[in-house]
Amino acid sequence: MSRISRRPLLRSVLGAALIAAGALCGTAHAQSGKTIKLMVGFPPGGGTDAIARILAEPLKDALGATVVVDNKPGAGGQIAGQALKAAAPDGTTFFLSHDHSISILPLVMKNPGYEPAKDFVPVAGFATFVNAFAVSGGTPAKSFNEYVAWGGKQAKGAVGVPAPASVPEFLVKVIGTKYKLDLVSAPYRGSAPMMADMLGNQIPAGVASIPDFIENHKAGKLRVVAVLGDKRQAALPDVPTFAELGLAGFEDMPYYGIFAPAGTPPAEIERFGAALQKALALPDVREKLTNMGLTVGFSSSQQLAAREAAYAKVWARIIKDSGFVPQ
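Structural notes, computed from the coordinates.

Conventions used here
- Residues numbered from 1 in each chain as written.
- Predicted model: local features only at pLDDT ≥ 70, side-chain atom pairs only at ≥ 80, totals over all residues.
- Heavy atoms only, no water.
- Helix = DSSP H or I, 4+ residues; strand = E, 2+ residues; numbered from the N terminus.
- Buried < 20%, exposed > 50% of the residue type's maximum accessible area, 1.4 Å probe, protein only.
- Contact = heavy atoms within 4.5 Å.
- Areas by Shrake-Rupley, 256 points an atom, 1.4 Å probe, with all protein chains shown as cover.
- Salt bridge = Lys/Arg side-chain N within 4 Å of Asp/Glu carboxyl O.
- Phe/Tyr/Trp six-rings, centres within 6.5 Å; stacked < 30°, edge-to-face > 60°.
- Axes fitted to C-alpha atoms, helices over the stretch in contact; angles between N-to-C directions.
- Parallel < 35°, antiparallel > 145°, perpendicular 65-115°, else oblique.
- Left-handed = near helix turned anticlockwise from the far one by under 90°.
- Nonpolar A, V, L, I, M, F, W, Y, C, P; charged D, E, K, R; others polar.

**Looking at the overall build of the protein chain**
(1) Moving on: Secondary structure assignment for the protein chain yields 12 helices and 11 strands.
(2) Moving on: Taken across its 327 residues, the protein chain has 48% of its residues classed as buried.
(3) Moving on: Counted over contacts in the protein chain with a minimum sequence separation of 6, partners at least 24 positions apart contribute 79%.
(4) Moving on: Surface summary for the protein chain: the accessible area is close to 15000 Å², and the carbon and sulfur share equals 58%.

**A few points about the pattern of salt bridges**
(1) Moving on: According to the stated counting rule, one finds 10 salt bridges in the structure shown.
(2) Moving on: The shortest N-O distance in the salt bridge between Asp-119 and Lys-85 comes to 3.9 Å. One end of the pair, Asp-119, is in helix H5 (residues 116-119); the other, Lys-85, is in helix H3 (residues 78-86), with 34 residues separating them in the sequence.
(3) Moving on: For Asp-119, a relative accessible area of 10% corresponds to the buried category.
(4) Moving on: In this structure, the salt-bridge partner of Glu-244 is Arg-232, at a minimum N-O distance of 2.9 Å. Taken together, the residues Glu-244 in the loop between strand S9 (222-227) and strand S10 (255-261) and Arg-232 in the loop between S9 and S10 connect sequence positions 12 residues apart.

**A look at the packing of aromatic side chains**
(1) Moving on: One pass over the structure, following the stated rule, counts 13 aromatic pairs.
(2) Moving on: Ring centres of Tyr-147 and Trp-150 lie 5.9 Å apart, and the angle between their planes is 45 degrees; on these two criteria the pair is classed as tilted. Residue Tyr-147 and its partner Trp-150 are both found in helix H6 (residues 144-151); the two are separated by three residues, about one turn of the helix.
(3) Moving on: With a relative accessible area of 1%, Tyr-147 lands in the buried category.

**Comments concerning the packing of helix H7 (residues 167-178) against helix H12 (residues 301-322)**
(1) Moving on: Look at H7 against H12: their axes get within 11 Å of each other, and the N-to-C directions meet at 45 degrees. Put simply, H7 runs oblique to H12. Remark: the crossing between H7 and H12 carries left-handed chirality. Between H7, through Val-167, Phe-170, Leu-171 and Lys-173, and H12, the contact on the second element is made entirely by Tyr-311, Trp-315, Ile-319 and Ser-322.
(2) Moving on: Along the lines of polarity and charge, the residues of the contact of H7 with H12 split into six nonpolar, one polar and one charged.

Dropping the structure here:
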């Protein structure tokens, strides 16, 4: 009788052991999955790099794979865009980018080395943001109107921008024309070196995204004095919009999104998009991104593609009207 009773018990114990072993194997498989590269077209220390690092950890958990931020700085994200085009479309390489590399570079360069509509697949969008005008700590102006008054007394005013032929550079030209200031853009290789010069008072002002400026603004090391967009930003409620200051027509907000090489299987696109949506639903992730000055919101592959096309159409007109000739 005891032998008979032990057999079911033995089968039960073995079954439990096999289930536990299977669970462990499954966990090990998830943890030892492929490494995913999340490319960033700017150097470490800038706003885009910080955003990528905020998302990398929750993406790792959602995907069950190692996610590494791969900085490929240079030419306003052009080098990273070319690297994305050349990458294998196997679901291991993605590009976290804002509007400049995707919508603007193809408008200002005759041959950037890629065609986004042909060479990239939009995966998902996750935020919009606005550009801002900031002055260095050594600049006496405490507001944009004070900067205009101060700038009008200068022979020529240099304004830093994170990349040549970028939205910030065109904004410098528009601002100079509107307020009758003799401004010249000083292009950098990303926002990090521009910020270093602003913090060192090597340059009196700069135009870049709010995420690039916000930490140093909060620390009192520089001052954001005006923002674009159709309303004041939650992260900077005391800073007026350019529309309030009399410069309207720049309310269309730039975007952040994830892109993959053309030919990446739809299942991989959907998988990454679902993981991103899951990451954005985490309260701490949303809080960190919001505190950087982003308006967080998930958009599908199709919605990101439509946003990209609409934004490029708006800026194609602005760039053409400026008289800029693609290089």
